[in-house]
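If you want the building blocks of each chain, they are given just below.
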Amino acid sequence: MTDEPAVYGGKASGRIRTRDLLLAKQQKQTWSMLTSYDCYTAEIFDRVGVPVLLVGDSAANTVFGHSSTIPVTVDELLPLVRAVVGATSRALVVGDLPFGSYERDPGQALTTAVRFLKEGGCQAVKLEGGARMAPQIAKLVDAGIPVMAHIGFTPQSEHQLGGFRVQGRGEDAASALVADARAVADAGATAVVLEMVPADVAKEITGLLDIPTIGIGAGPDCDAQVLVWQDMLGLRRGRLPRFVKQYAQLDAVIETAVREFVQDVRHGAFPAAEHSFG
């Protein structure tokens, strides 16, 4: 038995639980979260010890090729959730409730979240919005569903927010963001994502809340950090957000390999005898 906290591989049996995330905050142990949308990446991320995997509505961009997260549907996300859950044994898997599936009222939110747990098999759900979503969060928590909140820049509201813009700059905006953080925590959220907010505001919120904060473009003082895996591993082309650090260049690796395959087939080098049946 190891003395490592559960988020780093301790407590050798079973999945990470929301209580493990709370304990990590109390012990000042920071942890990582990655998006995942398929069985292969999920198995790798789980194997190397990423404690939380988010099947994000960012699949709209990274899987389905949309320009925003808005078009993706519940029925499109649920098979991805099942794939990630089925390929993992350790990570806590969070399903992202897509735009239009929870905003109307708490009852709609509960219906959608139940589908994610029953049909997708995930252990928690995430939804966007601060104080205005507190009734939805409370309803889900009352039903026994762990909820990860998401405030700051909320991609599903990009049209209302005027595009990809840092949130919480200025005294009034910062105060509103703090109020949102308090509201989701009071409603029972088990953690809260802070996206594209000033580092000092994220630090203040992290110190105020008993639940973990998960930063994405929110500075170094959050309790955890999350990235979209295609951004982190260099599969995405084009301009990247400032907060992304790339740890590999898979785009170049894949391009080189595919070019070699194309040439091998063209010139008869593949398949060779060792790739053929007698």
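The protein carries the name 3-methyl-2-oxobutanoate hydroxymethyltransferase in an unreviewed UniProt entry, which gives Krasilnikovia cinnamomea as its organism. Quoted verbatim from the Subcellular location (unreviewed entry) field of UniProt, the annotation for the protein is "Cytoplasm". Listed in UniProt under the heading Subunit (unreviewed entry), the comment for the protein reads: "Homodecamer; pentamer of dimers."

Peer 1: Tell me about the overall build of the protein, and name the residues and values.
Peer 2: When helices and strands are counted, the protein shows 11 helices and 8 strands. For the protein, the spread of C-alpha atoms along the three principal axes comes to 70 × 50 × 35 Å. The long-range fraction of contacts in the protein, counting pairs at least 24 apart against all pairs at least 6 apart in sequence, stands at 56%. With the model as given, the accessible surface of the protein reaches about 13900 Å², and the carbon-plus-sulfur share is 54%. The average position of the 26 basic charges and that of the 32 acidic charges among the side chains of the protein differ by 1 Å.

Peer 1: Break down the sheet that holds strand β5 (residues 147–152) for me, citing the residues and quoting the values.
Peer 2: Strands sit in the order β1-β2-β3-β4-β5-β6-β7-β8 around a closed barrel of 8 strands; the barrel is parallel. On average, adjacent strands in this sheet sit at an angle of 25 degrees to one another, irrespective of strand direction. Sheet topology places strand β1 (residues 31–35) next to strand β2 (residues 52–55); 3 bridges connect them, and they run parallel. The partner of threonine 35 across the bridge, within β2, is leucine 54.

Peer 1: Explain the packing of aromatic side chains to me, and be specific about the residues and the numbers.
Peer 2: Between two aromatic rings, the relevant description is the distance of the centres plus the angle of the planes. For the coordinates displayed, the defined rule picks out 2 aromatic pairs. Taken together, a centroid distance of 6.2 Å and an interplanar angle of 65 degrees make the contact between phenylalanine 45 and tryptophan 229 edge-to-face. Taken as a pair, phenylalanine 45 in helix α2 (residues 39–48) and tryptophan 229 in helix α10 (residues 229–232) lie far apart in primary sequence, 184 residues in all. Judged on exposure class, the residue phenylalanine 45 and its partner tryptophan 229 are both buried. Centre to centre, the rings of phenylalanine 261 and phenylalanine 270 are 6.0 Å apart; their planes meet at 65 degrees, and the pair counts as edge-to-face. Taking the relative accessible area as the measure of exposure, phenylalanine 261 reaches 47% and is therefore partly exposed.

Peer 1: Quick rundown of the pattern of salt bridges? Include the residues and the values.
Peer 2: For the structure on display, the rule yields 10 salt bridges. Linking arginine 104 and aspartate 105 is a salt bridge whose minimum nitrogen-to-oxygen distance equals 3.4 Å. Arginine 236 serves as the salt-bridge partner of aspartate 231, at 3.3 Å between the closest nitrogen and oxygen. When its relative accessible area of 6% is taken as the criterion, aspartate 231 is described as buried. Residue arginine 236 is classed as partly exposed on the basis of its relative accessible area, which comes to 36%. Salt bridges linked by common partners bring Arg237, Asp251, Glu255 and Arg259 together as one network.

Conventions adopted
- Residues numbered from 1 in each chain as written.
- Predicted model: local features only at pLDDT ≥ 70, side-chain atom pairs only at ≥ 80, totals over all residues.
- Heavy atoms only, no water.
- UniProt positions renumbered as here; feature names shortened; annotations may be inferred.
- Helix = DSSP H or I, 4+ residues; strand = E, 2+ residues; numbered from the N terminus.
- Contact = heavy atoms within 4.5 Å.
- Areas by Shrake-Rupley, 256 points an atom, 1.4 Å probe, with all protein chains shown as cover.
- Lys, Arg positive; Asp, Glu negative; His and termini not counted.
- Charge placed at Lys NZ, Arg CZ, Asp CG, Glu CD.
- Pairing = 2+ DSSP bridges.
- Axes fitted to C-alpha atoms, helices over the stretch in contact; angles between N-to-C directions.
- Phe/Tyr/Trp six-rings, centres within 6.5 Å; stacked < 30°, edge-to-face > 60°.
- Buried < 20%, exposed > 50% of the residue type's maximum accessible area, 1.4 Å probe, protein only.
- Salt bridge = Lys/Arg side-chain N within 4 Å of Asp/Glu carboxyl O.

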